[in-house]
Amino acid sequence: GIECIGTRTEYVAEVLIQKEFPDYIFILGTTRSSWADFYRKYSDSEASNRAENIVALLDMGEFAKTGDEVAAEELRKNTELLSEVFRNDFSHTLFAGCPSNLVVKPLLLRYGINDEQLRENYEILAHAWLDLDKNEMYDVSFDITHSFRSLPIYNLSLLDYQRQIADYNITISHVYYGNAEISREKGFAPIVDLIDLVNVMDLSRGVSEFRELGYSMTLVKQIPERMGDFKESLERFYWAVQMNDISGICTSIKSILDQLNQAEEFGGRYVDLKNMIREALRDILG
């Protein structure tokens, strides 16, 4: 098992759910995921009278190991049933403390071993958001601990893509990974927040927009608050460009270049960012 924050469990999601108490829970897995073991662990004792039938349904995934697509498809068809089963049967265990209107969605993904399966996974994940309220704001915590091979990379990229194009207010707040593989060495499995992966994607997007379009606001959002004067100069540059204020553009560029030459707070990834902005602005000035 995994021990973290005083809790012993086989699933990092247990710790995270009982920390976040989310309104929506999406459970991603393949036909070979341990659905039956997952259900056995968290099903309420009050649900024991039907647990045997549910476990039998979930164990159908075992047939997929021999390539039985009929069994796999049957399991996919029953994901709506499983949504209600999980929500009800885990209400006093895994989901204790969660809102009474909690929405639970098991998403049965393909392995992603060819273009067809990747396209199918895209459709499954893209449609998962359809029940969200476009007038609400959503903070997403993404747990990749027990993910299947390349799927966490693909799913995180797709989630980032969806938050850019979908008509929903989605913020990725956490990308959790439980380091179960070092639990024997340390005696516990630390859970790491890899949200910096998302920050780097946003920073990369901001760099691209600045170099190609002169648009600086995405970049401004990714620069730390300790570089406040520099952020303000980039923002003044943005507004000068929007107003076609030539004098303001030249003044803000000079201010940015002066700060780039003097600033000592540019470290790590921001060293290369400083060089990129300097070269881009020099190209503008000719």
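Just so we're clear, the structure is a prediction, and the values are computed from it rather than from any experiment.

Caption draft 1: Here's a closer look at the layout of surface pockets. Approximately 1400 Å³ is the volume found for the largest pocket. If you go around the largest pocket, you meet 46 residues; those closest to its centre are Phe26, Ile27, Leu28, Ser141 and Asp143. Of all the secondary structure elements, the ones that give two or more residues to the lining of the largest pocket are α1 (12-20), β3 (24-29), α2 (35-42), β5 (137-143), α7 (151-165) and β6 (169-178). When grouped by side-chain class, the residues that make up the lining of the largest pocket number 30 nonpolar, 11 polar and five charged.

Caption draft 2: Main features of the nonpolar core. Residues Phe210, Leu219, Leu273 and Ile277 are the most contacted members of the largest nonpolar core, which totals 24 residues. Only α9 (196-213), α10 (217-222), α11 (228-242), α12 (246-262) and α13 (269-285) provide two or more residues apiece to this core. Considering each element in turn, this core owes the most residues, six residues, to α13. Core analysis: the second largest hydrophobic core is formed by 23 residues, Ile25, Tyr42, Val55 and Phe86 among them.

Caption draft 3: Molecular detail of the sheet that holds β6. Taking strand neighbours across the sheet as the criterion, the three strands line up as β5-β6-β7 in an open arrangement whose pairing is mixed. A strand with exactly one partner marks an edge of an open sheet, and here the two such strands are β5 and β7 (191-193). On average, adjacent strands in this sheet sit at an angle of 25° to one another, irrespective of strand direction. For β6 and β7, the ladder comprises three bridges, and the chain directions are antiparallel. Looking at the pairing, Gly178 lines up with Ile191 of β7.

Caption draft 4: Quick look at the packing of helix α6 (residues 115-127) against α7. Interaxial distance between α6 and α7 falls to 11 Å at its minimum, and their mutual angle equals 50°. Between α6 and α7, the crossing angle belongs to the class labelled oblique. Along this stretch, α6 crosses α7, giving a crossing that reads as right-handed. Listed contacts from α7 to Leu118, Asn121, Tyr122, Leu125 and Ala126 of α6 are Leu151, Tyr154, Asn155, Leu158, Tyr161, Gln162 and Ile165. Its residues placed into classes, the contact of α6 with α7 shows nine nonpolar, three polar and no charged.

Scoring rules and cut-offs
- All residue numbers refer to positions counted from 1 along the written sequence of the respective chain.
- The model is predicted, so local features are restricted to residues of pLDDT at least 70 and side-chain atom pairs to those at 80 or more, both for listing and for counting; the totals for chains, interfaces and linings are taken over all residues.
- Hydrogens and water molecules were not included; the side-chain quantities draw on all heavy atoms of the structure.
- Only protein atoms enter the 1 Å grid used here, on which a cavity is any set of points holding a 1.4 Å probe that cannot leave and a pocket is any open set flanked by protein within 12 Å on both sides along at least five of seven lines; residues with an atom within 4 Å of a point are listed as lining.
- Grid points are joined across faces, edges and corners, and a volume is the space filled by probe spheres set on the points.
- Helix and strand definitions here come from DSSP, where helices need a minimum of 4 consecutive H or I residues and strands a minimum of 2 consecutive E residues; each element is numbered from the N-terminal end.
- As a working rule, the residues Ala, Val, Leu, Ile, Met, Phe, Trp, Tyr, Cys and Pro are called nonpolar, Asp, Glu, Lys and Arg charged, and the rest polar, with Gly in that last group.
- Take the buried Ala, Val, Leu, Ile, Met, Phe, Trp, Tyr and Cys residues and link them wherever side-chain atoms come within 4.5 Å; each set so joined is a nonpolar core.
- For every residue, the accessible area (1.4 Å probe, protein chains only) is compared with the maximum for its type, and the residue is labelled buried under 20%, exposed over 50%, or partly exposed between those bounds.
- Any two strands with at least two DSSP bridges between them are considered paired.
- Inter-axis angles, ranging from 0 to 180 degrees, are taken between N-to-C directions of lines fitted to C-alpha atoms, where helices are fitted over the stretch in contact.
- Note on angle classes: values under 35 degrees are labelled roughly parallel, values over 145 roughly antiparallel, values of 65 to 115 roughly perpendicular, and the remainder oblique.
- Helix crossings are classified by the rotation of the near helix relative to the far one: an anticlockwise turn of less than a right angle makes the crossing left-handed, while a clockwise turn makes it right-handed.
- Contacts were defined at the residue level, with two residues in contact if any of their heavy atoms lie within 4.5 Å.

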